[in-house]
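Chains, contacts and geometry: an overview
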Amino acid sequence: MTWKPIAGYEGLYEVSDAGAVRCRKTDHYRLLKQKYNRFTGYYAVDLRKDRTCKTRTIHRLVAEAFLPNPDNLPYVNHKDEDKTNNSVENLEWCTSQYNNLYSSHKRHKRVMAYTVDGDLLATFESVDVAASMLGTTKSAVSNAINGRSGTCMGCVLRKG
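About the criteria used
- Residues numbered from 1 in each chain as written.
- Predicted model: local features only at pLDDT ≥ 70, side-chain atom pairs only at ≥ 80, totals over all residues.
- Heavy atoms only, no water.
- Pairing = 2+ DSSP bridges.
- Helix = DSSP H or I, 4+ residues; strand = E, 2+ residues; numbered from the N terminus.
- Axes fitted to C-alpha atoms, helices over the stretch in contact; angles between N-to-C directions.
- Contact = heavy atoms within 4.5 Å.
- Salt bridge = Lys/Arg side-chain N within 4 Å of Asp/Glu carboxyl O.
- Buried < 20%, exposed > 50% of the residue type's maximum accessible area, 1.4 Å probe, protein only.
- Arc of directions from axis to C-beta.
- Polar contact = N/O pair within 3.5 Å; in protein donor to acceptor, adjacent residues only side chain to side chain.

1. Quick word on the sheet that holds strand β10 (residues 111-114)
- Pairing is antiparallel across the open sheet formed by 3 strands, whose spatial order is β11-β10-β12. The outermost strands of the open sheet, each flanked by one partner alone, are β11 (120-124) and β12 (156-159). In this sheet, adjacent strand axes meet at a mean angle of 25 degrees when their direction is disregarded.
- Relative to β12, β10 runs antiparallel, the two sharing 4 bridges. Considered in β12, the bridge of Val111 is made with Lys159.
- Strand contacts of helix α3 (residues 127-134): β10, β11 and β12, with the helix running at about 130 degrees to β11, the strand carrying the most contacts.
- Against the sheet, helix α4 (residues 138-145) makes contact with β10 and β12, and its axis sits at roughly 80 degrees relative to β12, the strand it touches most.

2. Observations regarding the pattern of salt bridges
- Counted by the stated rule, this structure contains 6 salt bridges.
- Asp46 serves as the salt-bridge partner of Lys35, at 2.9 Å between the closest nitrogen and oxygen. One end of the pair, Lys35, is in strand β5 (residues 35-36); the other, Asp46, is in strand β6 (residues 43-49), and 11 residues separate them in sequence.
- One network of salt bridges, with partners in common, ties together Arg56, Arg60 and Glu64.

3. Notes on α3
- For α3, every residue scored as buried is listed here: Val127, Ala130, Ala131 and Leu134. One side of α3 holds all its buried residues, which, seen down the axis, span an arc of 95 degrees. Turned more than 90 degrees away from the buried face of α3, the exposed residues are Ser132 and Met133.
- Along its buried surface, α3 packs onto β10, β11, α4 and β12.
- In this structure Ser126 caps α3, since a side-chain oxygen of it lies 3.4 Å from the backbone nitrogen of Asp128.

Remember, this is a structural readout, not a statement about activity or role.
Dropping the structure here:
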């Protein structure tokens, strides 16, 4: 694991290429606890300096420390679309348009519904169709697909 100082917090905080953040306390380091934002799906940490606290997302800290950005692109994309995978190999700088196009196919990805025993019940063409056919909300289907809930309407849902 490689560590680099966080810009603006040199000597205080460092970020690793795997997405860990540590604080330097005199002669030792302490890993910071990461907060999960259930609304955005991103992990973040609170950085303190000069009596102020700023919350920063992990993926952005990793990208700023490890990925060159010669074109000054404003967004960081997760290549595998897993917002919790903050390793440097999974991140890239991009434009808003690229980021939206990159993830647009996810909105139309197939959803597979299984019984709790693992038998395939149905295949849906999208999250929208799955929600409609199962009689639930899109967020309930997404939560089940992404592992934030066990089942949805008695089914185990997976990306197809």
